[in-house]
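Chain by chain, the residues run as shown.
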Amino acid sequence: MPASATPPSASVAAEPAAEPAPLTGPLLVLVAMPEEAAPLLARLVGAEDLQPPFGTGVAARRGLLAGLDTVVLTTGIGIAAAAAAATWGILATAPGLVLAAGSCGGLAADVEVGTLIVGETFTYSIADATAFGYAPGQVPGGPVRFEAVPRWVDAAEQAALRADGQDEGRGVRRGLMLSGDAFVTAQIAAPMRERFPTALSADMETTASARTAEALGVPFVAVRAVSDLCGPAAGQQFHLELDVVAEISARAVQQLAAGLLR
């Protein structure tokens, strides 16, 4: 990129918090892997397969989740896969809300495995145009952070708290989520924490999904459960099986769906 590239854009101002309006379309739930989709699909009533125009790794089913019209879309792993599948899902189903679910890695020191992370802001973990004056994680031409509408963050947080109360009380946190096409090992996590000191979690899809939803004019939020700690402290439990974590996330999604019918 030339040094005369367009200067960094500022984040869009957050909307004031308010009660979510009834959805004008289905809830579109994005997960990366079949294991993350399984507990959601088990909860769908009257589900039917949709036909995404993709090959292996992408699948979609539509049914009622806690009585709410819901599409569960398995996107495949990674930034490109998530963006492609989310684009199709939004254009094909015209959702009222897009929700990223499933698992993530824990970055913050006080996050534990099983903690539910509610996405408030999102950025790319390994994007670096700082040589041209951009913020860490900011892609030229894009905002410093992609932001979820506060009322949807509030609704997702309340749903996560209700779900957490049904489980072992592993906790709920809301804040910054990072995404990038790199599995975050302890060696990668240390410099990532320095660049993003407030980041709660890392995964390989959420920011791309947030970017896609924003581009297509659909509200977005994320509720993912921590499966692994990126560089755990001594004595910390550092891993939970994916099916356990997927169930924790699915309970929060179900609570959100139920709340949207009230």
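Computed from a predicted structure; not experimentally measured. All residue numbers refer to position in the chain's written sequence, counted from 1. With pLDDT at 70 or above as the cut-off, local features in this predicted model cover only qualifying residues; side-chain atom pairs require 80 or more to be listed or tallied, and sums for whole chains, interfaces and linings still use all residues. Where side-chain values are given, they derive from all heavy atoms of the structure, hydrogens and water being excluded.

1. Thoughts on the overall build of the protein
Convention followed: In this text, helices come from DSSP runs of H or I with a minimum length of four residues, and strands from runs of E with a minimum of two, each type numbered from the N-terminal end. Note on exposure labels: buried denotes an accessible area under 20% of the residue type's maximum, exposed denotes more than 50%, and partly exposed covers the range between, all computed with a 1.4 Å probe on protein chains only. Note on definitions: a residue-residue contact is assigned when non-hydrogen atoms from the two residues lie within 4.5 Å. In this description, accessible areas are obtained by the Shrake-Rupley approach with a 1.4 Å probe, and a residue is regarded as covered only by the protein chains that are shown.
For the protein, the helix and strand inventory stands at six helices and ten strands. The 262 residues of the protein split such that 50% are buried. Expressed as a percentage of contacts within the protein between residues at least 6 apart in sequence, the contacts between residues at least 24 apart total 77%. Per element, the accessible surface of the protein, about 11100 Å² overall, is 57% carbon and sulfur.

2. Describing the environment of Thr 198
Relative to the assigned elements, Thr 198 resides in the loop between α4 (186–195) and β9 (199–203). Judged by relative accessible area, Thr 198 falls into the exposed class, the value being 56%. Taking the C-alpha atoms as reference points, Thr 198 and Met 177, separated by 21 residues in sequence, lie 9.1 Å from one another.

3. So, helix α1 (residues 34–41)
As a reminder, the rule being used: Think of the arc as the fan of directions from the helix axis to the C-beta atoms.
Taken together, the buried positions of α1 are occupied by Glu 36, Ala 37, Pro 39 and Leu 40. Burial along α1 is one-sided: seen end-on, the buried residues are contained in an arc of 160 degrees. On its buried side, α1 packs onto β1 (27–31), β4 (68–74), β5 (97–106), β10 (220–229) and α6 (242–260).

4. Examining α6
Applicable threshold: Under the convention used throughout, the expected extent of a helix is 1.5 Å for every residue step, that is, one less than its residue count.
Here α6 contains 19 residues, and its C-alpha end-to-end distance of 27 Å stays within 8% of the 27 Å for a straight helix at 1.5 Å per residue. Within α6, the full set of buried residues consists of Val 245, Ala 246, Ile 248, Ser 249, Ala 250, Arg 251, Ala 252, Val 253, Gln 255, Leu 256, Ala 257 and Leu 260.

5. Overview of the confidence of the model for the protein
As a reminder of what qualifies: Note on scores: pLDDT gives the predictor's confidence for each residue, bounded by 0 and 100.
Overall, the predicted model of the protein reaches an average pLDDT of 88, with 87% of residues at or above 70. Considering only residues more than four positions removed or in separate chains, one finds that residues 1–17, a stretch of pLDDT under 50, has 31 contacts.

6. Let's talk about the side chain of Thr 207
Rule in force here: Polar contacts here mean pairs of N or O atoms no more than 3.5 Å apart (in protein, one a potential hydrogen donor and the other a potential acceptor; neighbouring residues in sequence count only if both atoms are side-chain atoms).
Positionally, Thr 207 belongs in helix α5 (residues 206–215). Residue class for Thr 207 comes out buried when judged on its relative accessible area of 0%. Of the polar contacts made by the side chain of Thr 207, one reaches the backbone oxygen of Thr 123; its length is 2.8 Å. Residues in contact with Thr 207, not counting those within four places in the same chain, are Phe 122, Thr 123, Tyr 124, Phe 146, Met 177, Leu 178 and Ser 179.

7. Points about the pairing of β5
The following threshold applies: Each pair of strands is called paired provided DSSP finds at least two bridges between the two strands.
When you tally the buried positions in β5, you get ten out of ten residues, the bulk of the element. With four bridges connecting them, β1 and β5 associate as parallel partners. Along β5, the bridge assignment pairs Leu 27 with Leu 97. Here β5 pairs with β10 via nine bridges, running parallel. Residue Gly 102 lies in a different strand from β10, and its bridge partner there is Arg 224. Here β5 pairs with β9 via two bridges, running antiparallel. The residue of β9 that forms the bridge with Gly 106 is Ser 201.

8. Regarding the packing of helix α3 (residues 150–166) against α6
To be explicit about the condition: Axes here mean lines fitted to C-alpha atoms, for a helix over just the part in contact, with angles spanning 0 to 180 degrees between N-to-C directions. Angle categories are assigned with fixed cut-offs, so that under 35 degrees is roughly parallel, over 145 is roughly antiparallel, 65 to 115 is roughly perpendicular, and the rest are oblique. By convention the crossing between two helices is left-handed if the near helix lies anticlockwise of the far one by an angle smaller than a right angle, and right-handed if it lies clockwise. Residues were grouped as follows: Ala, Val, Leu, Ile, Met, Phe, Trp, Tyr, Cys and Pro as nonpolar; Asp, Glu, Lys and Arg as charged; and all remaining residues, including Gly, as polar.
The N-to-C vectors of α3 and α6 enclose an angle of 125 degrees; their axes lie 8 Å apart at closest approach. Comparing their axes, α6 and α3 come out oblique. In terms of crossing hand, the pair formed by α3 and α6 is right-handed. Contacts between α3 and α6 involve Trp 152, Ala 155, Ala 156, Ala 159, Ala 160, Arg 162, Ala 163 and Gln 166 from the first element and Arg 251, Ala 252, Gln 255, Leu 256, Gly 259 and Leu 260 from the second. Considered class by class, the residues forming the contact of α3 with α6 number nine nonpolar, three polar and two charged.

9. Re the pattern of salt bridges
Quick reminder of the rule: For this analysis, a salt bridge means a side-chain nitrogen from Lys or Arg found within 4 Å of a carboxyl oxygen belonging to Asp or Glu.
Applying the stated criterion across every chain yields a total of eleven salt bridges. The partner of Asp 69 in a salt bridge is Arg 62, and the shortest N-O contact between them spans 2.7 Å. Taking the relative accessible area as the measure of exposure, Asp 69 reaches 29% and is therefore partly exposed. Looking at Arg 62, the relative accessible area reads 28%, which means it is partly exposed.

10. Concerning the packing of helix α2 (residues 79–93) against α5
Packing of α2 against α5 leaves a shortest axis separation of 8 Å and a crossing angle of 35 degrees. At the point where α2 passes α5, the crossing takes the right-handed sense. On α5, the residues that touch Ile 79, Ala 82, Ala 83, Ala 86, Thr 87 and Ile 90 of α2 are Ala 208, Ser 209, Thr 212 and Ala 213. Partitioning the contact of α2 with α5 into residue classes produces seven nonpolar, three polar and no charged.

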